[in-house]
Every structure is written in C-alpha cells, then in structure tokens.
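# Results of the structural survey
As a plain string of letters, each chain reads:
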Amino acid sequence: QVQLVESGGGLVQAGGSLRLSCAASGTIFSINAMNWYRQAPGKQRELVAAFTSGGSANYADSVKGRFTISRDNAKNTVYLQMNSLKPEDTAVYYCHAVIVTRLLLRPADYWGQGTQVTVSS
C-alpha cells in the first residue's frame with residue numbers, strides 16, 4: 001500500500017511563511033504526479049500547485065508569486081513553500097499523488113490526511 005504523510009502546517013501571522021512537506025512511502029513503482037490542494041471551510045477543494053507532465057509548475061492565481069512547489073524525487077517528497085501568507089490562505093492542505101504500485105501496476109490516486117494552515121490577521 002501507499003501512504004502520503006504531510007507535515008509543516010500550523011498557525012502563522014499574516015505575512016509569515018510555512019513550508020509543507022509530503023512524503024510518499026510504500027510499494028511504489030513510480031510516481032506520475034504529486035500536487036497540493038487545499039480546502040477552506042465551506043468551500044470546495046481546489047488545486048493550489050502542481051507539476052505539469054513537462055516538469056514545470058502551475059499555480060492557482062491566488063497563490064502565484066507567493067507559493068513555490070518543489071520535489072525531491074529521490075525521497076518521493078513534494079514541498080510547498082508558502083510566503084507572504086494571507087488570512088484567506090487558511091485551509092486544510094492536502095497532498096495528492098498519482099502512483100503506480102508494484103501490486104496494481106496501474107496509476108491510482110492517493111491523498112494525504114491533510115494538514116491545517118491557519119493565518120491570523
């Protein structure tokens with residue numbers, strides 16, 4: 001099986017920074033994608049940052065210039081550096097991955113448990 005374990009959330013004042021990490025572990029054959037989503041109270045889950053198939057990064061308009069997604073393929077880990085945080089960034093942040101396992105040998109979606117980010121004004 002596969003596990004996605006997120007870390008790095010917390011409470012920060014507006015203008016501050018946080019760095020989220022998501023590490024994938026288990027019977028992984030290959031990782032096709034690792035992305036970050038978030039869900040604020042009463043709102044739908046939205047894509048925050050993702051790598052394209054060509055390897056470049058895409059961001060939601062609301063976080064462009066403030067958030068940076070990066071990855072360490074050797075560690076099966078994706079990061080989200082969040083700078084200049086705003087109260088509207090408050091949400092549960094989820095790691096999402098498309099992974100081929102040695103058991104299934106086909107891509108499947110996996111989600112982390114979520115990590116709370118709270119930005120105070």
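Let me sum up the structure you'll find in this document.

Rules used throughout
- Residues numbered from 1 in each chain as written.
- Predicted model: local features only at pLDDT ≥ 70, side-chain atom pairs only at ≥ 80, totals over all residues.
- Heavy atoms only, no water.
- Helix = DSSP H or I, 4+ residues; strand = E, 2+ residues; numbered from the N terminus.
- Contact = heavy atoms within 4.5 Å.
- Pairing = 2+ DSSP bridges.
- Axes fitted to C-alpha atoms, helices over the stretch in contact; angles between N-to-C directions.
- Disulfide = S-S within 2.5 Å.
- Buried < 20%, exposed > 50% of the residue type's maximum accessible area, 1.4 Å probe, protein only.

### Re the side chain of serine 21
Its place among the elements puts serine 21 in strand β3 (residues 18-26). Non-local contacts of serine 21, meaning those with residues more than four positions away in its chain, are made with Val5, Glu6, Ser7, Trp36, Val78 and Tyr79.

### Topic: the sheet that holds strand β1 (residues 2-7)
With antiparallel pairing, the four strands of this open sheet are ordered in space as β1-β3-β8-β7. Either end of the sheet is taken by a strand with one partner, and the two such strands are β1 and β7 (67-72). Across the sheet, the mean angle from the axis of one strand to that of its neighbour is 15°, orientation sign disregarded.

### A word on the environment of methionine 34
Here methionine 34 shows up in strand β4 (residues 28-39). As a C-alpha pair, methionine 34 and serine 21 span 13 residues in sequence and 11 Å in three-dimensional space. Those residues within four positions of methionine 34 in sequence are excluded, and the remaining contacts are Leu4, Cys22, Ala24, Phe51, Ile69, Asn76, Thr77, Val78, Cys95, His96 and Ala97.

### Considerations on the state of the cysteines
Here the structure, examined in full by the defined rule, presents one disulfide. The side chain of cysteine 22 participates in a disulfide bridge whose partner is cysteine 95; the two sulfur atoms lie 2.1 Å from each other. Taking the torsion about the sulfur-sulfur bond, which here is approximately -80°, the covalent link between cysteine 22 and cysteine 95 counts as left-handed. Placement of cysteine 22 in strand β3 and of cysteine 95 in strand β9 (residues 91-101) is noted, with a sequence separation of 73 residues between them. Residue classification places cysteine 95 among the buried positions, given a relative accessible area of 0%.

### Observations concerning unusual backbone geometry
Not every positive phi belongs to a glycine, and asparagine 76 is a case in point at roughly 50°. Along the chain, asparagine 76 turns up in the loop between β7 and β8 (77-82). Taking the relative accessible area as the measure of exposure, asparagine 76 reaches 26% and is therefore partly exposed. Located in the positive-phi region is leucine 105, a residue other than glycine, with phi close to 55°.

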